[in-house]
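Here are the chains, one letter per residue:
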Amino acid sequence: MLPNLAAWLSHRLPSQCLACHRWGPGGPLCPACMQRFAPAPELPRCSGCGQPWPASLWPEPPPPRCGACLRQPPPWQHCHVWVDYGYPWADLIARWKLQQHPALAAHLARWLLSSPRLAQALQQADVLLPLPLSPQRLRERGFNQAAQLTQHWARHFAQHPQGGPHARTDLLLRPQHQRTQRTLGRSARLRNLHGAFTVRSGADLAGLRLLVVDDVITTGATLRAACTALQAAGAQHISVLAVARTP
Ligand SMILES: [Zn+2]
Ligand SMILES: [Zn+2]
């Protein structure tokens, strides 16, 4: 089915909630489960790694960065995260990516836009860069999940009176296939990713506010490798955004 048609239908046909399995008015989660699980009020998070601050630290305004990010700053200015990677979001993301339900991207893209913090981060960017998949992974999956989100947001902001970012899939590239990161430890992940990302030659990134988009941050090693390649190519303003991060 065409992805746009699938998205259109999934907003309109009754569907079964992924969390409580009740039939509802359309959408992957029913309104009651959305209210229960969606992140509101929004958790304050470390601007370096996106980890939430412990509840005991708020409502005091927590410091912008955790100790680990102060000791070893990541190659980006700000890390924006919507939710912790857990129930029911982990199921939903797995269904989207691994069981090939690309229509779920439209729901996720809308949910993230409804967060004022994330909508602002998106609008303040000049260019959205979906984290690329290797050509082999792209063939296996059939779509790049991060590119689906950035396409949706670029379309959204194209109609916005104040404008917004463009999405580019031809700047940050991943020409070679790497072993899956899932089973590797931290140092093996970094070795595995060495040289994985390149930037299109001749790209002038210096003045652009770049926002690199991924679905899930696990250790952050992949985003680090991508952002280090962007820095080496002259990028000065890099932030990252993910739907979820492993707590
Ligand atoms: Zn439900
Ligand atoms: Zn941190």
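Every chain is numbered independently, its residues counted from 1 as its sequence is written. Note on labels: chains are lettered from A, ligands numbered from 1, in written order. Confidence filtering applies because this is a predicted model: local features only for residues at pLDDT of at least 70, side-chain atom pairs given and counted only at 80 or more, and all residues used for totals across whole chains, interfaces and linings.

### Regarding the overall build of the chain
Inference 1: The number of helices and strands found in the chain is 10 helices and nine strands.
Inference 2: Projecting the C-alpha coordinates of the chain onto the three principal axes gives extents of approximately 50 × 45 × 45 Å.
Inference 3: Between the buried cut of 20 or more and the exposed cut of 12 or fewer other C-beta atoms within 10 Å of a residue's own C-beta lies the partly exposed class, and all C-beta atoms are placed from the backbone. Residues classed as buried in the chain amount to 33% of the 247 residues present.
Inference 4: If you take every contact in the chain between residues at least 6 apart in sequence, the share linking residues at least 24 apart comes to 69%. Starting at the N terminus, helices and strands are each numbered in turn, a helix being any DSSP run of H or I of at least four residues and a strand any DSSP run of E of at least two. Here the contact rule is simple: place C-beta atoms from the backbone, and any two residues whose C-beta atoms are within 7 Å are in contact.

### Some points on the packing of helix H5 (residues 104-113) against helix H8 (residues 145-158)
Geometrically, a packed helix pair is captured by the angle between its two axes and the distance between the axes.
Inference 1: Here an axis means a line fitted to C-alpha atoms, over the contact stretch when the element is a helix, while the angle between two N-to-C directions is reported on a 0 to 180 degree scale. The interhelical angle for the contact between H5 and H8, taken along N-to-C directions, is 55 degrees, at an axis separation of 9 Å. It follows from the interaxial angle that H5 and H8 lie oblique. Pair H5 / H8 crosses with right-handed handedness. Taken together, the residues of H8 that come into contact with H5 (itself represented by Ala105, Ala106, Leu108, Ala109 and Leu113) are Gln145, Gln148, Leu149, His152, Trp153 and His156. Reported orientations rely on four angle classes, namely roughly parallel under 35 degrees, roughly antiparallel over 145, roughly perpendicular from 65 to 115, and oblique for the rest. It is the rotation of the near helix from the far one that decides the hand of a crossing: anticlockwise by less than a right angle makes it left-handed, clockwise makes it right-handed.

### Considering unusual backbone geometry
Inference 1: A cis geometry characterises the amide bond from tyrosine 87 onward to proline 88, with omega recorded as -10 degrees.
Inference 2: Its location among the elements puts proline 88 in the loop between strand S3 (78-84) and helix H4 (89-97).
Inference 3: The backbone of histidine 21 sits at a positive phi, close to 65 degrees, despite the residue not being glycine.
Inference 4: Structurally, histidine 21 can be placed in the loop between strand S1 (15-16) and strand S2 (23-24).

### A closer look at the domain arrangement of the chain
Inference 1: Where each domain starts and ends follows an automatic or database-derived domain assignment. If you check the domain split of the chain, you get domain 1 (1-38) and domain 2 (45-52 + 67-245).
Inference 2: Between the C-alpha centres of domain 1 and domain 2 the distance comes to 25 Å.
Inference 3: At the interface, 12 residues of domain 1 touch nine residues of domain 2.
Inference 4: Those elements giving two or more residues to the side of domain 1 that touches domain 2 turn out to be helix H1 (3-12) and helix H2 (31-37).
Inference 5: Under the scheme applied, nonpolar residues are Ala, Val, Leu, Ile, Met, Phe, Trp, Tyr, Cys and Pro; charged residues are Asp, Glu, Lys and Arg; polar residues are all the others, including Gly. For the side of domain 1 that touches domain 2, the class distribution of residues is 10 nonpolar, two polar and no charged.

### A few points about the environment of methionine 34
Inference 1: Among the secondary structure elements, methionine 34 is positioned in helix H2.
Inference 2: Residue classification places methionine 34 among the partly exposed positions, given that 18 C-beta atoms sit within 10 Å.
Inference 3: Put simply, methionine 34 and leucine 92 are 58 residues apart on the chain and 12 Å apart in space, counted from C-alpha to C-alpha.

### Section: the environment of alanine 119
Inference 1: With respect to the helices, strands and loops of the structure, alanine 119 is situated in helix H6 (residues 116-123).
Inference 2: When the C-alpha atoms of alanine 119 and arginine 65 are compared, they prove to be 21 Å apart, with 54 residues separating the residues in sequence.

### Things to note about H8
Inference 1: To estimate how far a helix should reach, multiply one less than its number of residues by 1.5 Å. For H8, which comprises 14 residues, the first-to-last C-alpha distance of 20 Å matches the rise-based estimate of 20 Å (1.5 Å per residue) to within 8%.
Inference 2: What H8 keeps buried is the set Gln145, Ala146, Ala147, Gln148, Leu149, Thr150, His152, Trp153 and Phe157.
Inference 3: Where H8 is buried, its residues meet H4, H5, H6, strand S4 (127-130), strand S5 (166-167) and strand S8 (209-217).

### Digging into the sheet that holds S5
Inference 1: Pairing between strands is defined by DSSP: at least two bridges between them are needed. With parallel pairing, the five strands of this open sheet are ordered in space as S3-S9-S8-S4-S5. Of all strands in the sheet, those bounded by a partner on one side alone are S3 and S5.
Inference 2: By the bridge criterion, two bridges tie S4 to S5 in an arrangement that is parallel. The partner of valine 127 across the bridge, within S5, is histidine 166.
Inference 3: Each of S4, S5 and S8 touches H8; the most contacted strand, S4, lies at about 160 degrees to it.

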